[in-house]
Amino acid sequence: MKKLLFFILSLFAPFAIWAQDGSSTIDDKINSVMEPLTQVVESVVFVPITVAGFTIPFVLVWLITGALIFTIYTGFVNIRAFGHAINVVRGKYDDPDDAGEVSHFQALTAALSGTVGIGNIAGVAIAVSVGGPGATFWMIVAGLFGMTSKFVECSLGVMYRNYNVDGSVSGGPMYYLDKGFKEKGPAMGVIGKILAVLFAIACIGGSFGGGNMVQVNQAAQQFIDVTGGKESFIADSSWMFGAVMAVIVAIIIIGGIKSIARVTDKIVPFMVGIYVLGAIVVLGYHYADIPAAFGEIIGGAFNADALYGGFIGVLIQGFRRAAFSNEAGVGSASIAHSAVRTDEPISEGIVALLEPFIDTVVICTMTALVIVITNYGGIGAEQAFLSDQNGDLDGITLTSSAFETVMAWFPPILSVAVILFALSTMISWSYYGLKAWTYLFGESKTNELIYKAIFCTFVVIGSAISAKSVFDFGDAMIFAMCFPNVMGLYVLMPNVMRAYKDYMRRIKSGEIAATK
């Protein structure tokens, strides 16, 4: 394990050194090191396959196929258990004496803060620009199927979690791959251990990259834009923004999941509320056009313009955005949900299925509606498509322009929301990466502090660089997590189904009684 720790630290050491270098070639230096590694990782994670003449990454097929299989296998639990999920998250069955660290609501907001982010704003704008309004329909469909993936992985996260001597808990794919496979025999135990280690390594890489540097870089750019652009007082010193964010992140994460949950259970409803309220104002202003907008979305889903690649092209764009937005099947959320205070693993799996619904079916759909109903912020669908083809499309700018057509003062508010989205994503991913780190190197305060110090260092570095290969590497590592995770879900989903049937039997019989 010491050799593995040294290897991981050595991967990132050059960045910490070069971040202090004031030369103008820092990004070039970082890219020269990371680009070959990134190309190798991307060639595996995003290996392309051809479907009906379209080239799509296999990871997308892997995630969507898994979600579909889990939904059918569980008898559409995403629909049947939806009402019960609302009751559980509002505390109807809470028992303060149960083992765990946070409430159902806090676990949900902690996990949501890791997925609700810039992708809901910028990613959706790009999806409806490239795939047209019809991509929204398939985004919703994929989000509904993704609810079941979350149910399975988060149920397993609680089912196989570890209870530490200090009263904290550790769970997630690392643990159910390791312990769950071991139950099926020595050979499967070895396979499970290998998958668990691979997941943990990918999770650590993803936490430093896509869960940290990508987020703070986008937030820093938004802050610079809203404070004067090139004339901003930190235009040439974005590391200052990163330093402030690093201090804020450090203050929050030093207290562990309880501290993170106390922040996310306030910041997530607040930032989602601001964003949804803004969208409702825009849609209310254009209320007469809402039926036509839905007509475009439904019509475009089945009778798409050739501009967007026809039916298959639109379907792919919708599925891509949903999969990349809610991360159902990636396994990250089960780490946060594992900390829940409950003795009923299935109850938390049921709560978790609300995540893709909120993230994709509600927030992403509202973003798409705002863009469609405002005619892509006034530039039109064709111009948005051409801008993307030319590489000139900025998703956040397009979404901001759409809101601005009704509320001229909204862009600064959106910038605040983007920064809050980035902050909440970073603190949640710090916890995901920490649990992967301690799985590999052991549960100790020293190991925790080492990880947190490295994470906060990368907050500063991420704000100051624009090395595309680093950001691409971070994103690729996040999606690398889904390969061992979904493989494990296939093997262990019978365990979940048995537990689900038993849980619902006890709910109906009154054996599990409401406490409120």
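Scroll up to find the structure.
Here is a short report on the structure shown in this document. Counting from 1, residues in each chain are numbered in the order their sequence is written. Note on the predicted model: pLDDT of at least 70 is required for a residue's local features to be given, and 80 or more for side-chain atom pairs to be given and counted; whole-chain, interface and lining totals, by contrast, use all residues. By convention in this description, side-chain values take in all heavy atoms of the structure and omit both hydrogens and water.

## Here's the deal with the overall build of the chain
Along its length, the chain carries 23 helices and four strands. The classification of residues rests on relative accessible area computed with a 1.4 Å probe and restricted to protein chains. Under 20% of the type maximum is buried, over 50% is exposed, and intermediate values are partly exposed. With 516 residues in all, the chain has 59% of them scored as buried. Residues are treated as being in contact if the distance between any of their heavy atoms lies within 4.5 Å. For the chain, restricting intrachain contacts to residue pairs at least 6 apart in sequence, the fraction spanning at least 24 positions comes to 84%. Here the chain displays about 19,800 Å² of accessible surface, and carbon together with sulfur accounts for 64% of that area. Only DSSP runs of H or I with at least four residues qualify as helices, and only runs of E with at least two residues qualify as strands; both kinds are numbered from the N terminus onward. Values of accessible area rely on a 1.4 Å probe in the Shrake-Rupley scheme; residue burial ignores everything except the protein chains shown.

## Some remarks on the pattern of salt bridges
Every case where a carboxyl oxygen of Asp or Glu lies within 4 Å of a side-chain nitrogen of Lys or Arg is listed as a salt bridge. Evaluated as defined, the whole model comprises seven salt bridges. What emerges from the salt-bridge pattern is a single network uniting E344, D502, R505, R506 and E511.

## Some words on the packing of aromatic side chains
Two rings from Phe, Tyr or Trp (for Trp, the six-membered ring) form a pair when their centres sit within 6.5 Å of each other. Planes less than 30 degrees apart are called stacked, planes more than 60 degrees apart edge-to-face, and all others tilted. Across all of its chains, the model carries 25 aromatic pairs by this definition. On the basis of an interplanar angle of 20 degrees and a centroid distance of 5.4 Å, the ring pair of F208 and Y451 is categorised as stacked. Here Y451 lies in helix 21 (residues 445-464) and F208 lies in helix 10 (residues 186-226), a separation of 243 residues in the sequence. When its relative accessible area of 1% is taken as the criterion, F208 is described as buried.

## A closer look at helix 23 (residues 482-509)
Values of bend correspond, residue by residue, to the angle between axes fitted over the seven residues ending at that residue and the seven starting there. The largest bend in helix 23 is about 55 degrees, located at L492, with the proline P494 one to four residues further on. Immediately beyond the C-terminal end of helix 23, within one or two residues, lies G510, with a positive phi of roughly 90 degrees.

## Topic: the side chain of T74
By the secondary structure assignment, T74 is in the loop between helix 3 (58-73) and helix 4 (77-80). For T74, a relative accessible area of 3% translates into the label buried. Engagement of the side chain of T74 in a polar contact is seen with the backbone oxygen of F70, the distance being 2.8 Å. Beyond its immediate sequence surroundings of up to four residues, T74 is in contact with R80, T148, F151 and M497. Polar contacts, as counted here, are pairs of nitrogen or oxygen atoms within 3.5 Å of one another; within protein the pair requires one atom able to donate a hydrogen and one able to accept it, and residues that are adjacent in sequence qualify only if both atoms are side-chain atoms.

## What about the packing of helix 5 (residues 82-89) against helix 16 (residues 345-352)?
Every angle, taken between N-to-C directions, lies between 0 and 180 degrees, and every axis is a line fitted to C-alpha atoms, over only the stretch in contact when it is a helix. In contact at an axis separation of 8 Å, helix 5 and helix 16 are set at 105 degrees when each is read in the N-to-C sense. In terms of orientation, helix 5 lies roughly perpendicular with respect to helix 16. When helix 5 is examined against helix 16, the residues H84, A85, V88 and V89 are found in contact with a partner set consisting of S347, I350 and V351. In this count, Pro and Cys sit with the nonpolar residues alongside Ala, Val, Leu, Ile, Met, Phe, Trp and Tyr, while Asp, Glu, Lys and Arg are called charged and the others, Gly among them, polar. Residue composition of the contact of helix 5 with helix 16, grouped by class: five nonpolar, two polar and no charged. Here is the rule for angles: anything less than 35 degrees is roughly parallel, anything more than 145 is roughly antiparallel, 65 through 115 is roughly perpendicular, and the remaining ranges are oblique.

## Here's the deal with a nonpolar patch on the surface
In this scheme, patches are assembled from residues that exceed 30% relative accessible area and form no salt bridge. Like charges are connected within 9 Å, while nonpolar side chains (Val, Leu, Ile, Met, Phe, Trp, Tyr) are connected within 5 Å. A contiguous nonpolar patch, built from L68, I72, F76 and I79 and spanning about 400 Å² of accessible area, is present on the exposed surface. The exposure class of L68 is partly exposed, given its relative accessible area of 38%.

## Focus on the environment of V351
The topology assignment puts V351 in helix 16. Since its relative accessible area comes to 0%, V351 is described here as buried. Along the chain, V351 and H337 lie 14 residues apart, while their C-alpha atoms are 9.0 Å from each other. Beyond its immediate sequence surroundings of up to four residues, V351 is in contact with A85, V88, V89, H104, L108 and H337.

## Considerations on unusual backbone geometry
In this model, N375 sits at a positive phi of 55 degrees, which is unusual for a non-glycine residue. Its place among the elements puts N375 in the loop between helix 17 (354-373) and helix 18 (381-389). Of note, Y376 is a non-glycine position whose phi angle comes to about 60 degrees, a positive value. Topologically, Y376 is positioned in the loop between helix 17 and helix 18.

## A word on the packing of helix 7 (residues 118-130) against helix 18
In a pair of packed helices, the angle between the axes and the distance between the axes together describe the arrangement. Where helix 7 meets helix 18, the axes come as close as 8 Å, and the angle between the chain directions of the two elements is 105 degrees. Overall, the two elements helix 7 and helix 18 adopt an arrangement that is roughly perpendicular. Together, I126, S129 and V130 of helix 7 and A384, F385 and D388 of helix 18 make up the contact between the two elements. For the contact of helix 7 with helix 18, the class distribution of residues is four nonpolar, one polar and one charged.

Scope: geometric values only; no functional claims are made or implied.
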